[in-house]
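Read off the chains here:
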Amino acid sequence: MSSSSPAPTYYIVFVTVAVLVLRAVNEEVTAPYMDEPFHVPQAQAYCRGDYWTWDPKITTPPGIYVLSLVLKKVFMLKCNLSMLRLTPLLCLLALPIALTPLLCYHKRERPPPSLATPLLEAVILASFPVAWFFGFLYYTEVPSLVSVISTVVLAMQGRHWLAALIGLVSCTFRQNNIVWVLYAYALSQVLYLRFRRALPNEKSPPKLHDPPALEARPEDLVWAVLTAPRVLPDIVINFVPYALVLAAFGAFVLWNGGIVLGDKANHVPALHVPQLYYFVGFATAFGWPALLSGSGGVPALGRDVYARMFGNRRNTIVTCVASAIMCLTIYKFTIQHPFLLSDNRHYTFYIWRRVFLLHPVVPYLLVPGYIACAWAWYLRTGHDQTLLQNLLLPVFVVPTLLPTPLLEPRYFLIPYILLRAQVKDVPLWGLVLEGVWYAGINAVTMWLFLYQERAGVGRFMW
């Protein structure tokens, strides 16, 4: 395949549908909606060259406004609502291109030689409903996602200075992307240590204890910690560019007096442990085609999950203890944010009322399901991955979700994409099923948003 290979049909369809949807959004939603009334005037101020006026209700840095300003300068665009919405749309169209090398790295395949030939799996994953929907509104989610994915890919390629630079850019879209910058470094070094080999006539380099994920035992974590010091000299130099990003972020926090830029009263960090459980449920609800399409299908996955939970006495005890701890954290740390209870324009409002508030015991009855789903993801991503590869993402998910008091699907977007990308062996029929599942959700959500506006309530959205 040459570097000038034409874009595959499925990507052309993706682009065409996205452009048509944006056209429909601009025709039906002619005024800024939901968060857009904050973002759009701020972007327009940047377009006028006014970089010092700032709406105190905006909580994120000005990355998206700068990106819109660059697009305005390059393509001579106006800064009206329709043109500003091109910013997230262009990022959405770039998402399959960004995802392709990430998926290829996990599959250990060579990426296509042309940027115009993204994988089918990348196009399907770019159609993930939360990413897809916010590709048509002037929100930061999709630019943030693309920059984080690019950071991870560059780090895995060993281009650490460029990865750190793009990671710094990602933090101008959303502050907590600093966590994903550090994740990119950690993942790249785990992969480097796993695959490096001694040169001819040289002694073998120090090894980090990191067994295959599906063969690992609890004591292997202890050995991994004990063997870490011997490899630190080999990986610390690569941390330098990321350390500079971390220092810049620390300076911002000191200058700003916290992570949140504005509207701090409605964005107070809180210990929200059940948010981790919601993410597991969320990931399973959307990613079930990838989960269930592994070798052996549902029966094999069910047997493996049961064995991990109840296969022997030790596993049963661990499951029972984990369940008790999770129930305690649900009791002590469940947060019902005022926005969750009052804003009936979102899926989460109805899920919370019709599931979690159905009966006081319901949140506790879901605990075994959370554990089973977590094991299912561990088993599916664990094929051809090491223990540390499998555990890195959950470790970095914790600081991104634990302090967030609001149950909000947008917070799950980046973790889900990174998690789903680690499932390397989804067959074609599984990809088709996943694509149909995403497309159905997208169609229903966009139809409700565009054509079912409720008087006095507004438009339904994620």
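Our subject is the structure listed above.
Residues numbered from 1 in each chain as written. Predicted model: local features only at pLDDT ≥ 70, side-chain atom pairs only at ≥ 80, totals over all residues. Heavy atoms only, no water.

(A) Geometry of the overall build of the protein. A count of helical and extended segments in the protein gives 22 helices and 0 strands. Here the C-alpha atoms of the protein give a radius of gyration of 23 Å, agreeing with the 23 Å that 2.2 N^0.38 yields for 462 residues. With respect to the principal axes defined by its C-alpha atoms, the protein has extents near 60 × 60 × 50 Å. Taking all 462 residues of the protein together, the buried fraction comes to 50%. Long-range pairs, those at least 24 residues apart, make up 77% of the contacts in the protein with a sequence separation of at least 6. In the structure as shown, the protein presents an accessible area of about 21,700 Å², 69% of it carried by carbon and sulfur atoms. The protein carries 34 positive and 23 negative side-chain charges, and their two centres are separated by 2 Å. (Helix = DSSP H or I, 4+ residues; strand = E, 2+ residues; numbered from the N terminus. Rg over C-alpha atoms; globule rule 2.2 N^0.38 Å. Buried < 20%, exposed > 50% of the residue type's maximum accessible area, 1.4 Å probe, protein only. Contact = heavy atoms within 4.5 Å. Areas by Shrake-Rupley, 256 points an atom, 1.4 Å probe, with all protein chains shown as cover. Lys, Arg positive; Asp, Glu negative; His and termini not counted. Charge placed at Lys NZ, Arg CZ, Asp CG, Glu CD.)

(B) Fine view of the environment of W161. You can see W161 is positioned in helix α9 (residues 160–171). When the C-alpha positions of W161 and L244 are compared, they lie 10.0 Å apart, and in sequence the two are 83 residues distant. Other than its neighbours up to four places away in sequence, W161 contacts V240, P241 and L244.

(C) Geometry of the state of the cysteines. Under the defined criterion, the tally for this structure stands at 1 disulfide. C47 shares a disulfide with C79; S-S distance 1.7 Å. Between C47 and C79, the S-S torsion sits near -55 degrees, and that sign places the bridge as left-handed. Pair noted here: C47 is in helix α2 (residues 36–47) and C79 is in the loop between α3 (63–75) and α4 (81–84), with a separation of 32 residues, a long-range link. A residue is classified by how much of its surface remains accessible, and C47, at 14% relative accessible area, is buried. Taking relative accessible area as the criterion, C79 reaches 13% and is therefore assigned buried. In this model C171 remains outside any disulfide bridge; the closest cysteine sulfur is found in C91, 16 Å from its own. With no disulfide of its own, C320 lies 11 Å from the sulfur of C327, the closest cysteine sulfur. (Disulfide = S-S within 2.5 Å.)

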